[in-house]
Amino acid sequence: MQLPDPQSTRVPAPAPYLRIATEEAFALPEMLDIYRRILERGDADPGFRGLMGFYMTSPSERAQHIMRCLTDLDQLRLQHMDACGIDVQVLALTSPGVQVMDKATAVSFAREANDRLADAIRRHPTRFAGMLAVAPQDPQAAAKEIERGVTQLGIHAVVINSHTQGEYLSDPKFWDIFAAAEAHDAPIYLHPNSLPPGMYQPFFEAGLDGAIYGFGVETGLHALRIITAGVFDRFPKLRMVLGHMGEALPYWAYRLDYMHRATVKSQRYASVQPLQRQPSEYLREHFYITNSGVAWAPAIRFAQDFMGSDRVLYAMDYPYQHAVDEVIALDGMPMSAEDQLRFFQTNAQAVFKIPPR
């Protein structure tokens, strides 16, 4: 497996499809100011301190590039998109978004972030689409923001950055969020967050707490908690999205089904009760996955075989992963023209309600 050359000057060739990148991050300067105040207090959890504390203070080329790109929603971002052949970005407030803030600040800033996102989409209507930020700290306010975002701002998806201060959406106290997302047909993109305190140290001491491994482990855990809690039995029309090839869950599907059935039968855990279907069926019927960060044809082909080619979408993971060679490699995947069109364009248009150009 050959990794992309970050110094490559190659340019993607024109394609018979739009390249719609579906997990592309942005930040607002005011949000970074809030983060600085949280970090200055000295009581921020170690995952947030280790992730955003690093990126916001490191002089490294990578950190400086990421922070510069995150806060640009105009010329620089469009230049990078053009250089990589990306026609449309689906923008999401970078992790952890508002979820590290106190409740009142989170609710207020989610609204501000969504208004600013809508402004960026209006400035560049053929280049940007988006996902709504919400504050799970106040599930009822989050539900109202989903309604406002869909009906007033015209943004038709939601991003939630995995756990919120160590709490998971599998807890019924958060289920007003699922109810609103289902009612407004707004898929929830479950995006990684830095690890909560209870998970952090064993990963951090090996340098594995971030995107290399820890993010996927924690977000996959969150998605599986949602499945096994019976969320999709309660909300049968709810749709969700997972990045990074489904945070590995499709590749575990056989064992998840077998061991869930065995665990129910064992009656070992009060929290593991019978479901209407197997875990893998919920994955295939309620989730979409993107390849964000994984420009590897064998993994993408397996996901299409398992999920169906109408449930696997392209993503770049800009600016955290930004490589022209990856786009060129994915253009060249051994795949039918119909599946290539679905992967790069039409699945994203359907999931995020992106109007045809």
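Please refer to the structure higher up on the page.
Residues numbered from 1 in each chain as written. Predicted model: local features only at pLDDT ≥ 70, side-chain atom pairs only at ≥ 80, totals over all residues. Heavy atoms only, no water.

### Looking at the overall build of the chain
Part 1: If you tally the helices and strands in the chain, you get 16 helices and nine strands.
Part 2: Overall size of the chain, expressed as C-alpha extent along the three principal axes, is 60 × 50 × 45 Å.
Part 3: The buried share among the 357 residues of the chain stands at 57%.
Part 4: Here the analysis covers contacts within the chain between residues at least 6 apart in sequence; of these, 76% occur between residues at least 24 apart.
Part 5: On the chain, roughly 15,800 Å² of surface is accessible, and the fraction owed to carbon and sulfur atoms is 53%.
Part 6: In the chain, 33 side chains carry a positive charge and 41 a negative one; their mean positions are 3 Å apart. (Helix = DSSP H or I, 4+ residues; strand = E, 2+ residues; numbered from the N terminus. Buried < 20%, exposed > 50% of the residue type's maximum accessible area, 1.4 Å probe, protein only. Contact = heavy atoms within 4.5 Å. Areas by Shrake-Rupley, 256 points an atom, 1.4 Å probe, with all protein chains shown as cover. Lys, Arg positive; Asp, Glu negative; His and termini not counted. Charge placed at Lys NZ, Arg CZ, Asp CG, Glu CD.)

### Remarks on the sheet that holds strand S3 (residues 128-130)
Part 1: On the basis of which strands lie adjacent, the open sheet formed by three strands has the order S1-S2-S3 and parallel pairing. Every interior strand has two partners, whereas the edge strands, strand S1 (20-26) and S3, have only one. Geometrically, the sheet is characterised by an average inter-axis angle of 35° between neighbouring strands, direction not taken into account.
Part 2: Where S1 and strand S2 (residues 88-93) come together, five bridges link them in parallel fashion. Within S2, the position partnered with Glu-24 by the bridge is Leu-91.
Part 3: In the packing of helix H5 (residues 103-123) onto the sheet, the strands contacted are S1, S2 and S3, and the crossing angle to S3 comes to about 155°. (Pairing = 2+ DSSP bridges. Axes fitted to C-alpha atoms, helices over the stretch in contact; angles between N-to-C directions.)

### Focus on the sheet that holds strand S7 (residues 240-242)
Each strand in a sheet pairs with its neighbour through backbone hydrogen bonds, running either in the same direction (parallel) or in the opposite one (antiparallel).
Part 1: Strand order in the open sheet made by the six strands is S4-S5-S6-S7-S8-S9, with parallel pairing throughout. Two strands close off the open sheet at either side, each with one partner strand: strand S4 (132-133) and strand S9 (312-313).
Part 2: Sheet analysis places S7 next to strand S8 (residues 287-290), joined by three bridges and oriented parallel. Paired with Val-241 across the bridge in S8 is Tyr-288.

### Concerning empty space enclosed by the protein
Part 1: Counted according to the given criterion, the structure contains three cavities of 30 Å³ or more.
Part 2: Roughly 70 Å³ of internal volume is contained in the largest cavity.
Part 3: Every element with two or more residues in the lining of the largest cavity is listed here: S1 and S2.
Part 4: Residue composition of the lining of the largest cavity, by class: four nonpolar, four polar and three charged.
Part 5: For the second largest cavity, the calculated volume is near 60 Å³.
Part 6: Grouping the constituent residues of the lining of the second largest cavity by class yields three nonpolar, five polar and one charged. (1 Å grid on protein atoms, 1.4 Å probe; cavity = no way out; pocket = protein on both sides within 12 Å on 5 of 7 lines; lining within 4 Å. Points joined across faces, edges and corners; volume = space filled by probe spheres on them. Nonpolar A, V, L, I, M, F, W, Y, C, P; charged D, E, K, R; others polar.)

### Details of the pairing of S2
Part 1: Burial runs high along S2: six of the six residues are buried.
Part 2: Where S2 and S3 come together, three bridges link them in parallel fashion. Directly across from Gln-89, in S3, lies its bridge partner Phe-128.

### Quick word on the environment of Phe-26
Part 1: Topologically, Phe-26 is positioned in strand S1.
Part 2: Each C-alpha atom, one on Phe-26 and one on Tyr-318, is 8.7 Å from the other, the two residues being 292 residues apart in sequence.
Part 3: Beyond its immediate sequence surroundings of up to four residues, Phe-26 is in contact with Leu-70, Leu-73, Arg-77, Leu-91, Ala-92, Leu-93, Thr-94, Ala-113 and Leu-117.

### A word on the side chain of Gln-340
Part 1: With respect to the element layout, Gln-340 can be found in helix H16 (residues 337-352).
Part 2: Judged by relative accessible area, Gln-340 falls into the buried class, the value being 5%.

Honestly, it's all geometry; don't read function into it.
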